Amino acid sequence: ETQVSTCFVWSSERRRYTGVLSITEYIKVLLFCEGNPTEAERVSNLSVKQWLEMKRDNRLGNSSAPPESLVSATADESLAVCIQRMLANKVRRLAVVADDSEDPRYETSILAVITFDILMQNVANSLFSTDVFGGASRSAAGLSALPPSVQSIVHGDGGQEEDNEALGSAVGSATGAYRSIFDIPFVRLTRLGKAAQHKALHGSYPQPEVVTATTPIADALKMLIDKSLHAVGVVDGANNVNVVKDAITRNDVIRMETGGVFNLQVPVHEALAHTEGPGSVRPPVAVFYETDTLREIIEHFATRRVSVLFLVDPKTDALLAQLSISEVFSFLSESSI
C-alpha cells in the first residue's frame, strides 16, 4: 500500500523495538501461502508476533538471526563500527537509536536507518567527488566508513612500503604499479566477493543463479531467499549464452501486486511488467567488467543506486557472476586490508 520496504517492530510488553519486518519477511509470507494455500487466510489474520512464532516453529527460511533481534547503533558510534555490525549480523540495514530513558535496556527512539546503499553513495562522494546527491557539496562522512588502513592509503599517510603491503594483501599478489587500492581492476582483486574467491581457487567463476523470462515468479523468489541473494539475473539463454536482460530484486516484489492479488505462478516477465507505471520502461541492468577498477565499481553502485552488479563478458555479454554491495564493504572492512 505504501511501498515501504522496512518497518520496525515495537513490543509494548518489553517497551522497546525488538525486530524488523522487511521485504524479505513479506516474500517468506508469500511463499508460505503459495505452498500452503489452505493456511493463506489464517496467515493474513495473524499478528506480527504470531507470524514470527509460527515461522520459528516451522523453521521457515534460513534466517541468520533470531526473529526478535534488532541490529542497532547509537548516534555516537562510528560508521566503520556500524558496517562491521551489519556484516557480522548479515543485515542490509541498521537502526540508529537514542536512549530516551535512564534504563539502558529501553531503546525508545529510532533516529535514522543506515543502509549499505546510503553508505556507498557517501563513500563515492567523499573519495571521488561522485555527484550522487544532486549537486550537493562533497562530504567526508563516507571516508569514516572505511577502516583506518584504507584511509591511510587514500591519504598516502602510511608510507610507500606500508601502502604496497596493504595493497598486496588486498589483491593477493604483487601490486605492480598500482598507487591505490581503488585503481586495481576487479580481475586482480581475488578477495572481492565470493565469485572472485571461487575463481582464484578453482580457475573459473561459480555458475550464476539465474532465471528466464518464463520462469514462475515463485521459483525466482524462492531462489532469492534460499540463496540469500538480493537480486537474480533474468537471462534469455539464446545460443547457450546467458545474456542478462533484466534482474529481479527483493524490492521489486512490493510493486508486483495487481488489484490486491499476488499470483506467484505468473512468469517473471509478467510480474516485472507490474513494477513500472503505464508507459514506463525498466532501467537497464547494472553491469560491470573484469577490467573495471574498484573505483569504477564503487561509482557504479553509487550512481546506479543498486545493491547488485552483474559481471558480464564485454564481447558476448554473457553473465559471468554477480557482486553485491555488502561484499564490497566486507572486502574494504577486512582487518588485513
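Residues numbered from 1 in each chain as written. Predicted model: local features only at pLDDT ≥ 70, side-chain atom pairs only at ≥ 80, totals over all residues. Heavy atoms only, no water.

S.K.: Can you walk me through the overall build of the protein chain in this structure?
M.R.: Within the protein chain, the secondary structure is distributed over twelve helices and eleven strands. Taking all 337 residues of the protein chain together, 42% fall into the buried category. Here the analysis covers contacts within the protein chain between residues at least 6 apart in sequence; of these, 52% occur between residues at least 24 apart. In the structure as shown, the protein chain presents an accessible area of about 17,400 Å², 49% of it carried by carbon and sulfur atoms. (Helix = DSSP H or I, 4+ residues; strand = E, 2+ residues; numbered from the N terminus. Buried < 20%, exposed > 50% of the residue type's maximum accessible area, 1.4 Å probe, protein only. Contact = heavy atoms within 4.5 Å. Areas by Shrake-Rupley, 256 points an atom, 1.4 Å probe, with all protein chains shown as cover.)

S.K.: Is there a simple way to explain the sheet that holds strand S11 (residues 319-324) in this structure?
M.R.: Each strand in a sheet pairs with another by means of backbone hydrogen bonds, the pair being arranged parallel or else antiparallel. If you trace the three strands from one edge of the open sheet to the other, you get S9-S10-S11, paired in mixed fashion. Both edges of this open sheet fall to strand S9 (287-288) and S11, since each of them pairs with a single strand only. Note: S9 against strand S10 (residues 308-312), two bridges, orientation parallel. Residue pairing in the sheet places Phe288 in a bridge with Leu311 of S10. In the packing of helix H11 (residues 294-304) onto the sheet, contacts are made with S9, S10 and S11, and the angle to S10 comes to roughly 130 degrees. (Pairing = 2+ DSSP bridges. Axes fitted to C-alpha atoms, helices over the stretch in contact; angles between N-to-C directions.)

S.K.: Please clarify how the sheet that holds strand S6 (residues 210-212) should be interpreted in this entry.
M.R.: Read from one edge of the open sheet, three strands run S6-S7-S8, paired in mixed fashion. Both outer strands of the open sheet, S6 and strand S8 (244-249), are each paired with one neighbouring strand and no more. For this sheet the average axis-to-axis angle between neighbouring strands, irrespective of direction, equals 35 degrees. Judged from the three bridges that link them, S6 and strand S7 (residues 231-235) form a sheet pairing that is parallel. Pairing of Val211 across the sheet is with Val234, part of S7. The sheet contacts of helix H9 (residues 217-226) involve S6, S7 and S8, and relative to S8 the element is tilted by about 70 degrees.

S.K.: Sorry if this is basic, but what is going on with the side chain of Thr24 here?
M.R.: Along the chain, Thr24 turns up in helix H1 (residues 23-35). By relative accessible area, which is 17% here, Thr24 ends up buried. If near-sequence neighbours (up to four positions away) are discounted, Thr24 is found in contact with Ile225 and Arg250.

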